[in-house]
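# Examining the three-dimensional arrangement
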Amino acid sequence: QVQLVESGGGLVQSGGSLRLSCAASGSITSLNTMGWYRRAPGKQRDLVATVTTLNTTSYADSVKGRFTVSRDNARNTVFLQMNSLKPEDTAVYYCYLFQSYRNYWGQGTQVTVPQ
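We now turn to the structure provided with this report. (Residues numbered from 1 in each chain as written. Predicted model: local features only at pLDDT ≥ 70, side-chain atom pairs only at ≥ 80, totals over all residues. Heavy atoms only, no water.)

### Notes on the state of the cysteines
Tallied over the entire structure, the rule returns one disulfide. The partner cysteine of Cys 22 in its disulfide is Cys 95, sulfur to sulfur 2.0 Å. Judged by the sign of its S-S torsion, about -85 degrees, the cystine formed by Cys 22 and Cys 95 is left-handed. You can see Cys 22 sitting in strand β3 (residues 18-26) and its partner Cys 95 sitting in strand β9 (residues 91-99), a full 73 residues away along the chain. Pair check on accessibility: Cys 22 and Cys 95 agree, each one buried. (Disulfide = S-S within 2.5 Å. Helix = DSSP H or I, 4+ residues; strand = E, 2+ residues; numbered from the N terminus. Buried < 20%, exposed > 50% of the residue type's maximum accessible area, 1.4 Å probe, protein only.)

What follows is the structure, encoded as structure tokens:
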């Protein structure tokens, strides 16, 4: 099976930076999409950013220019560099993998940006 393990969340002041990492293990195909979603308090889970094995990226409008998604295919790891963080970025961030028509999710990591 597939496992996703996230790291790097925490508390950071407004305007600060954080870097999230997610390592995938198990049966990982050579073509897939990895990325990040987030769920803010009282809201649904929304796309943040994704990147394919061919390094095609996609971002939510709210994070464009501030967040950068990248990956290391050799280590099946995806990263999210978050700069200029805002209080509205406070959420649980979930790692995501899509392959062979299936979605896989990490357990989530909390990012908190106080007012």
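### Examining the nonpolar core
Grouped together as the largest cluster of nonpolar side chains are 28 residues, with contacts concentrated most on Leu 4, Trp 36, Leu 80, Met 82 and Tyr 93. If you list the elements that add at least two residues to this core, you get β1 (2-7), β3, β4 (33-39), β5 (45-52), β7 (67-72), β8 (77-82) and β9. With sequence-adjacent residues up to four places away left out, Tyr 93 is seen in contact with Glu 6, Leu 20, Trp 36, Tyr 37, Arg 38, Val 48, Phe 67, Leu 80, Met 82, Gly 108, Thr 109 and Val 111. (Core = buried A, V, L, I, M, F, W, Y, C linked by side-chain atoms within 4.5 Å. Contact = heavy atoms within 4.5 Å.)

### Looking at the environment of Ala 91
Structurally, Ala 91 is set in strand β9. Overall, the relative accessible area of 1% leaves Ala 91 in the buried class. For Ala 91 and Arg 19, which are 72 residues apart along the polypeptide, the C-alpha to C-alpha distance reads 14 Å.

### Structural notes on the layout of surface pockets
Approximately 160 Å³ is the volume attributed to the largest pocket. As for the largest pocket, its lining consists of Arg 38, Ala 40, Pro 41, Lys 43, Gln 44, Asp 46, Leu 47, Ala 60, Ser 62, Glu 88 and Thr 90. The class makeup of the residues in the lining of the largest pocket is four nonpolar, three polar and four charged. (1 Å grid on protein atoms, 1.4 Å probe; cavity = no way out; pocket = protein on both sides within 12 Å on 5 of 7 lines; lining within 4 Å. Points joined across faces, edges and corners; volume = space filled by probe spheres on them. Nonpolar A, V, L, I, M, F, W, Y, C, P; charged D, E, K, R; others polar.)

### Some thoughts on the packing of aromatic side chains
By the definition in use, this model includes three aromatic pairs. Summarising the aromatic geometry, the rings of Tyr 37 and Trp 105 are spaced 5.1 Å apart at their centres and angled 80 degrees between planes, so their arrangement reads as edge-to-face. Here Tyr 37 is found in strand β4, whereas its partner Trp 105 is found in strand β10 (residues 102-105), with 68 residues between them in sequence. Among the residues examined, Trp 105 registers a relative accessible area of 32% and is labelled partly exposed. Sitting above the plane of the Phe 79 ring, Arg 19 keeps its charged end 4.3 Å from the centroid. Sitting over the face of the ring of Trp 105, Arg 45 holds its NZ or CZ atom 3.8 Å from the ring centroid. (Phe/Tyr/Trp six-rings, centres within 6.5 Å; stacked < 30°, edge-to-face > 60°. Lys NZ or Arg CZ within 6 Å of the ring centre and 35° of its normal.)

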